[in-house]
Amino acid sequence: MRVGVLTGGGDCPGLNAVIRAVVRQGERVHGDTFVGFRNGWRGALDDVAIELSIANTRGMLHRGGTMLGTSRDTPLRTPDGVEILRATLGRRGIDALIAIGGEGTLSVARILSDQGVPIVGVPKTIDNDIDATDVTFGFQTAVQIATDAIDRLHTTAESHDRVMVVEVMGRHTGWIALYAGMAGGADVILVPERPFDIDEVCERLRQRHARASFSIVVVAEGSFPRPGTIDAPEYDLDESGRPRLGGISNVVRREVERRTGFESRVTILGHVQRGGTPNAHDRVLATRLGVAAIDAVHAGRLGTMPALRGTKIELVTLHEATDRLKTIDPDLYETAEIFFG
Ligand code: F6P
């Protein structure tokens with residue numbers, strides 16, 4: 001078969017490992033040839049692509065980013081986009097497309113699949129918010145980067161008797177904040193699933209500072225205050241019309257310092273959480289998902305996505321994967337709360 005591959009949405013450690021695995025399994029086991037579209041759906045619309053082979057995907061396992069480039073463009077936002085995409089696939093003799101992406105890319109893949117475009121998805125995101133898979137690749141790497149940063153902030157916080165407010169990624173869900181916060185011994189963790197009350201945050205910090213001289217507050221970028229408490233920041237929109245998040249930690253820092261008198265500082269980790277080499281877990285998961293995706297194409301299981309369920313990779317439908325976001329586990333948050341303050 002001739003198979004197209006693209007990576008869409010924000011990049012994520014492990015994307016190259018998926019591409020390598022798809023091509024390795026496809027070429028060796030199924031005798032496939034591959035077309036890699038540049039910059040996500042954009043490359044499929046503009047027909048900008050490279051041939052992928054075992055030779056040119058060699059050495060990619062540990063490399064961060066995506067060798068294909070990525071974007072947040074979609075055929076659904078382009079006039080006649082679906083027809084243009086079909087024409088590209090037809091012209092290039094492509095039998096099926098493997099779309100590696102997060103909630104945005106997979107939702108588009110689901111709609112295209114419903115319209116008869118032959119697609120298999122692969123779930124990626126550091127945010128870990130895709131339902132129907134236990135975990136996404138990139139998440140563990142991001143959590144480790146954030147945890148390492150929190151460890152380092154601990155020593156400087158302690159030296160200066162400060163409150164350190166650390167902002168991590170997590171647009172709709174607080175998985176990175178919760179895991180890195182727990183691993184890093186955070187005194188407060190703020191997540192988008194639970195709008196925060198700044199008075200409660202300050203009260204926890206006062207309790208903590210009755211016994212200790214410093215504290216760590218971990219804030220997911222998508223967190224926001226409970227209505228009627230304090231104002232949320234106003235965000236610009238990015239190219240795809242989504243709020244360009246980043247900065248809620250400045251609001252938290254300012255209010256904490258004003259209300260408690262504790263000297264406070266902010267660290268926004270930003271894209272450092274997405275860059276660089278995937279950890280061992282994410283390389284293995286990405287590899288397994290890549291192999292399962294090309295096998296799914298050959299099994300005729302279009303409109304599906306390989307997912308990690310327990311220790312097994314299973315196919316789920318793109319509908320199951322995108323019907324809703326996977327929000328944080330309330331029980332896990334309650335466990336984290338035991339260590340607050
Ligand atoms: O979706 C993954 C993510 O890293 C979010 O956590 C974050 O809000 C967003 O991407 C940032 O994307 P961009 O690369 O467009 O700044």
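Residues numbered from 1 in each chain as written. Predicted model: local features only at pLDDT ≥ 70, side-chain atom pairs only at ≥ 80, totals over all residues. Heavy atoms only, no water.

Some words on the sheet that holds strand S6 (residues 163–168)
Phase 1: Strand order in this open sheet of four strands is S7-S8-S6-S9, and the pairing throughout is parallel. Strands with a single pairing partner mark the edges of an open sheet, and in this sheet they are strand S7 (188–190) and strand S9 (264–268). The mean angle between the axes of side-by-side strands here comes to 15°, regardless of whether they run parallel or antiparallel.
Phase 2: Where S7 lies against strand S8 (residues 215–220), three bridges are found, and the strand directions are parallel. Counterpart to leucine 190 in the pairing with S8 is valine 219.
Phase 3: Helix H6 (residues 139–160) rests against S6, S8 and S9 of the sheet, and its axis sits at about 165° to S6. (Pairing = 2+ DSSP bridges. Helix = DSSP H or I, 4+ residues; strand = E, 2+ residues; numbered from the N terminus. Axes fitted to C-alpha atoms, helices over the stretch in contact; angles between N-to-C directions. Contact = heavy atoms within 4.5 Å.)

Here we look at the site of the ligand
Phase 1: Taken together, the neighbourhood of the ligand is formed by Arg72, Ile126, Asp127, Met169, Gly170, Arg171, Glu221, Arg242, His271 and Arg274.
Phase 2: Separating an oxygen atom of the ligand from a backbone N or O atom of glycine 170 is a distance of 3.4 Å.
Phase 3: If the ligand stood free it would expose 400 Å²; the protein chains cover 81% of that surface.
Phase 4: The cavity where the ligand resides is the largest pocket.
Phase 5: When grouped by side-chain class, the residues that make up the shell around the ligand number two nonpolar, two polar and six charged.
Phase 6: Shared between two domains, the shell around the ligand holds at least three residues of each, these being domain 1 (2–138 + 278–322) and domain 2 (140–275). (Near = heavy atom within 4 Å. Polar contact = N/O pair within 3.5 Å; in protein donor to acceptor, adjacent residues only side chain to side chain. Areas by Shrake-Rupley, 256 points an atom, 1.4 Å probe, with all protein chains shown as cover. 1 Å grid on protein atoms, 1.4 Å probe; cavity = no way out; pocket = protein on both sides within 12 Å on 5 of 7 lines; lining within 4 Å. Sits in = over half its atoms within 2 Å of the grid points. Nonpolar A, V, L, I, M, F, W, Y, C, P; charged D, E, K, R; others polar. Domains from an automatic or database assignment.)

Let's talk about the environment of proline 118
Phase 1: Mapped onto the secondary structure, proline 118 falls in the loop between helix H5 (103–114) and strand S5 (119–123).
Phase 2: Among residues more than four places away in sequence, those in contact with proline 118 are Asp95, Ala96, Leu97 and Leu302.

What about the nonpolar core?
Phase 1: Grouped together as the largest cluster of nonpolar side chains are 58 residues, with contacts concentrated most on Ile98, Ile100, Phe137, Ile189 and Ile216.
Phase 2: Broken down by element, this core gets its largest block of residues, eight residues, from H6.
Phase 3: In terms of domain composition, this core takes at least three residues from each of domain 1 (2–138 + 278–322) and domain 2 (140–275).
Phase 4: With residues near it in sequence (within four places) discarded, isoleucine 100 still touches Val5, Leu6, Thr7, Gly8, Leu15, Val18, Ile19, Thr105, Val122, Lys124 and Phe137.
Phase 5: Counting 25 residues, the second-largest nonpolar core is a separate cluster that includes Leu89, Leu97, Ala99 and Ile119. (Core = buried A, V, L, I, M, F, W, Y, C linked by side-chain atoms within 4.5 Å. Buried < 20%, exposed > 50% of the residue type's maximum accessible area, 1.4 Å probe, protein only.)

A short note on the domain arrangement of the protein chain
Phase 1: Split into domains, the protein chain comes out as domain 1 (2–138 + 278–322) and domain 2 (140–275).
Phase 2: Put simply, the middle of domain 1 and the middle of domain 2, counted by C-alpha atoms, are 33 Å apart.
Phase 3: Each partner contributes residues to the interface: domain 1 has 16 residues there, and domain 2 has 16 residues.
Phase 4: Contact between domain 1 and domain 2 buries roughly 1400 Å² in total, counting both sides, with carbon and sulfur atoms accounting for 48%.
Phase 5: A per-residue breakdown of the area domain 1 buries against domain 2 is headed by Arg72, Ile126 and Asp127, which together make up 39% of the total.
Phase 6: Our count for the contact surface shared by domain 1 and domain 2 stands at one salt bridge.
Phase 7: Taking the shortest distance from any N to any O, the salt bridge between aspartate 11 and arginine 274 comes out at 2.9 Å.
Phase 8: Viewed at the interface, domain 2 and domain 1 are joined by eight residue pairs in polar contact (both at pLDDT 80 or more). (Buried area = accessible area lost by both parts, 1.4 Å probe. Salt bridge = Lys/Arg side-chain N within 4 Å of Asp/Glu carboxyl O.)

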